[in-house]
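This is what each chain is made of:
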Amino acid sequence: MDTNKPDSNQTSLLFVCLGNICRSPLAEGIFLHLVKEAGLTDRFEIDSAGTGAWHVGESPDARAAMVASRHGVELGSRARQITQEDLHRFDYVIAMDRENLRNIERLAEPNGSGAKIHLLREYDDGSEGDEVPDPYYGGASGFETVYEMVHRSCQNLLDRLKAA
Ligand code: 4NP
């Protein structure tokens, strides 16, 4: 995505986690997949970023790519760190956990934010307020659990945006 504000006819979403190699690339890939299935590619601009810079330039974690691929979802992102500009370019900035949310809000403090900032699982019916747990130091089953909760949340978020 370029540095200009996205097309005003589009809704733009930035998914954010810590490293931008596990959870937010999954959310980006899943949301994009759902948008394509719904024939709405032109209406959305989707990206992801990390609050940390350790993995900048890297492809998604192999375990995240594997679980996505098992579900027919391709992950095409390269890790980058969120910037203050992102908080003005995107309509929605969607955090995976509360620590991400706090760091995004801290980044927004000097100039405010045009973006609506939310936790992804606000859209996971029955689990509002919960977090997408960091799967990085766990096993493969953690990635499946993360995939399922991210998929549910993204589907509900897309349904709400379509209805808006
Ligand atoms: P993510 O997972 O935030 O879902 O991309 C992590 C990736 C890397 C690290 C932590 C979480 N790390 O500490 O390097």
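Structural data are supplied above this passage.
Residues numbered from 1 in each chain as written. Predicted model: local features only at pLDDT ≥ 70, side-chain atom pairs only at ≥ 80, totals over all residues. Heavy atoms only, no water.

**Student:** Report on the sheet that holds strand β3 (residues 92-95), specifying residues and quantitative values.
**Tutor:** A sheet is described by the order of its strands in space; here four strands give the open sequence β2-β1-β3-β4, paired in parallel fashion. Of all strands in the sheet, those bounded by a partner on one side alone are β2 (44-50) and β4 (116-119). This sheet shows a mean twist of 20° between the axes of neighbouring strands, independent of strand direction. Summarising the sheet, strand β1 (residues 11-17) and β3 pair through four bridges and their orientation is parallel. What sits directly across from L14, in β3, is V93. Where helix α1 (residues 23-37) meets the sheet, its contacts fall on β1 and β2, and the angle it forms with β2 comes to roughly 170°. The sheet contacts of helix α4 (residues 98-108) involve β1, β3 and β4, and relative to β4 the element is tilted by about 165°. (Pairing = 2+ DSSP bridges. Helix = DSSP H or I, 4+ residues; strand = E, 2+ residues; numbered from the N terminus. Axes fitted to C-alpha atoms, helices over the stretch in contact; angles between N-to-C directions. Contact = heavy atoms within 4.5 Å.)

**Student:** For the site of the ligand, give the residues involved together with the corresponding values.
**Tutor:** Around the ligand, the neighbouring residues are C17, L18, G19, N20, I21, C22, R23, H55, D134, Y136 and Y137. Between G19 and the ligand, the recorded distance is 2.8 Å, taken from a backbone N or O atom to an oxygen atom. Measuring from an oxygen atom of the ligand, one finds a side-chain N or O atom of R23 at 2.8 Å. When the ligand is considered free in solution it has 350 Å² of accessible area, and contact with the protein chains removes 92% of it. (Near = heavy atom within 4 Å. Polar contact = N/O pair within 3.5 Å; in protein donor to acceptor, adjacent residues only side chain to side chain. Areas by Shrake-Rupley, 256 points an atom, 1.4 Å probe, with all protein chains shown as cover.)

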